[in-house]
Amino acid sequence: EPEVTQTPSHQVTQMGQEVILRCVPISNHLYFYWYRQILGQKVEFLVSFYNNEISEKSEIFDDQFSVERPDGSNFTLKIRSTKLEDSAMYFCASSGGYTDTQYFGPGTRLTVL
Amino acid sequence: AQTVTQSQPEMSVQEAETVTLSCTYDTSENNYYLFWYKQPPSRQMILVIRQEAYKQQNATENRFSVNFQKAAKSFSLKISDSQLGDTAMYFCASPNRDDKIIFGKGTRLHILP
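Residues numbered from 1 in each chain as written. Chains lettered and ligands numbered in written order. Predicted model: local features only at pLDDT ≥ 70, side-chain atom pairs only at ≥ 80, totals over all residues. Heavy atoms only, no water.

Student: I keep staring at the sheet that holds strand β3 (residues 19-24) of chain A and nothing clicks. Help me out?
Tutor: Sheets are built from strands paired through backbone hydrogen bonds, the pairs being either parallel or antiparallel. Residue and element names in this part refer to chain A. Strand order across the open sheet formed by four strands is β1-β3-β8-β7, with antiparallel pairing between neighbours. Each edge of the sheet is formed by a strand with only one pairing partner; in this case those strands are β1 (5-7) and β7 (65-68). Strand-to-strand twist across the sheet, computed as the mean angle between neighbouring axes with direction ignored, equals 20°. Looking at chain direction, β3 and strand β8 (residues 75-79) are connected through five bridges and run antiparallel. Within β8, the position partnered with isoleucine 20 by the bridge is lysine 78. (Pairing = 2+ DSSP bridges. Helix = DSSP H or I, 4+ residues; strand = E, 2+ residues; numbered from the N terminus. Axes fitted to C-alpha atoms, helices over the stretch in contact; angles between N-to-C directions.)

As structure tokens, this is what we get:
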């Protein structure tokens, strides 16, 4: 069964450093998403991406964040200058259609020191 | 604004028992979807079950079923013959018109041996 994959599973970085979180969505999916979950809190939407551009973004997704689909398979989330409060689990998701079921990857645990 | 409310922060049941997790939501949409996701200790987000609002029949997936009450905006998850592997955080969720999934705060379910 096709699945969303994410790398790395755990990333530790120093405050102020740039990180890139990588995702490989399900191959025939067209809609891509990033969510984050701060430990002990609920999952929050960050951004959606379709047709090589951002469809929606939340207020969390400020200028420090960017997304890219550099090739036909990867979907990346970049945080330019990490802050302590960026420590969270980051989930990538993909779906085949608008408001269709979103399938989540296993997540990347980001720890900012 | 679309909201999803889970009023049970934590529940415990004995193995093999049946347990019901509650969820209420609010939406102005006529056509929408509802989901239950499971998040085990590994923190991966796993789709458990999906319900289309236009369908009157309650969705069922093996031991998991829902009680969807559209007029009451209620969407509860029933787990029959609960197993130790069902121990997890369970999130009720629904995509809004902007295709971002709105999650409830979750119910932490413990299955006791």
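From this point, things continue past the structure.
Student: I tried to follow the packing of aromatic side chains on my own but got confused; where do I start?
Tutor: In this description, a pair of aromatic rings is defined by centroid distance and the angle of the planes. This structure, assessed with the given rule, holds 18 aromatic pairs over all chains. Seen from their ring centres, Phe104(A) and Tyr37(B) are 5.1 Å apart, and the 80° between their planes marks the pair as edge-to-face. Of this pair, Phe104(A) sits in strand β10 (residues 103-104) while Tyr37(B) sits in strand β5 (residues 33-39), placing the two residues on different chains. Take Phe104(A) and Tyr37(B): they sit in the same class, and that class is buried. Every member of this aromatic cluster is reached through a ring pair, and the members are Tyr33(A), Tyr35(A), Phe45(A), Phe91(A), Phe104(A), Phe35(B), Tyr37(B), Phe91(B) and Phe103(B). (Phe/Tyr/Trp six-rings, centres within 6.5 Å; stacked < 30°, edge-to-face > 60°. Buried < 20%, exposed > 50% of the residue type's maximum accessible area, 1.4 Å probe, protein only.)

Student: Which parts of the structure should I look at to understand the pairing of β7(A)?
Tutor: Consecutive side chains of a regular strand alternate in pointing toward one face of the sheet and then the other. All names here are of chain A. Burial along β7 is one-sided: Phe65 and Val67 are buried, and none of Ser66 and Glu68, which face the opposite way, are. Here β7 runs beside β8; their pairing, made up of four bridges, is antiparallel. Bridge pairing in β8 places phenylalanine 65 opposite isoleucine 79. Remark: six residues form the turn of the hairpin made by β7 and β8, two consecutive strands paired antiparallel.

Student: Honestly, the interface of chain A and chain B in this entry has me stumped. Any pointers?
Tutor: Often, the extent of an interface is quoted as the loss of accessible area upon association of its parts. In this assembly, 22 residues from chain A lie in contact with 21 residues from chain B. Sorting the residues of chain A by area buried against chain B places Lys42(A), Thr99(A) and Phe104(A) first, and these three jointly supply 26% of that buried surface. Across the chain A-chain B interface, the total number found is one salt bridge. Joining chain A to chain B, the criterion identifies six residue pairs in polar contact (both at pLDDT 80 or more). Where the side of chain A that touches chain B is concerned, the elements lending two or more residues are β4 (31-37), β9 (88-95) and β10 of chain A. Considering each element in turn, the side of chain A that touches chain B owes the most residues, four residues, to β4(A). In the side of chain A that touches chain B, the residues fall into 13 nonpolar, five polar and four charged. (Contact = heavy atoms within 4.5 Å. Buried area = accessible area lost by both parts, 1.4 Å probe. Salt bridge = Lys/Arg side-chain N within 4 Å of Asp/Glu carboxyl O. Polar contact = N/O pair within 3.5 Å; in protein donor to acceptor, adjacent residues only side chain to side chain. Nonpolar A, V, L, I, M, F, W, Y, C, P; charged D, E, K, R; others polar.)

Student: What am I meant to see in the state of the cysteines here?
Tutor: Simply put, disulfide is the name for a covalent bond between the sulfur atoms of two cysteines. Residue and element names in this part refer to chain A. Counting across every chain of the model gives two disulfides over all chains. Each sulfur in the disulfide pair cysteine 23 and cysteine 92 lies 1.9 Å from the other. Negative torsions about the S-S bond denote left-handed disulfides, and the value of about -60° found for cysteine 23 with cysteine 92 makes this one left-handed. Of this pair, cysteine 23 sits in strand β3 while cysteine 92 sits in strand β9, and the two are 69 residues apart along the sequence. (Disulfide = S-S within 2.5 Å.)

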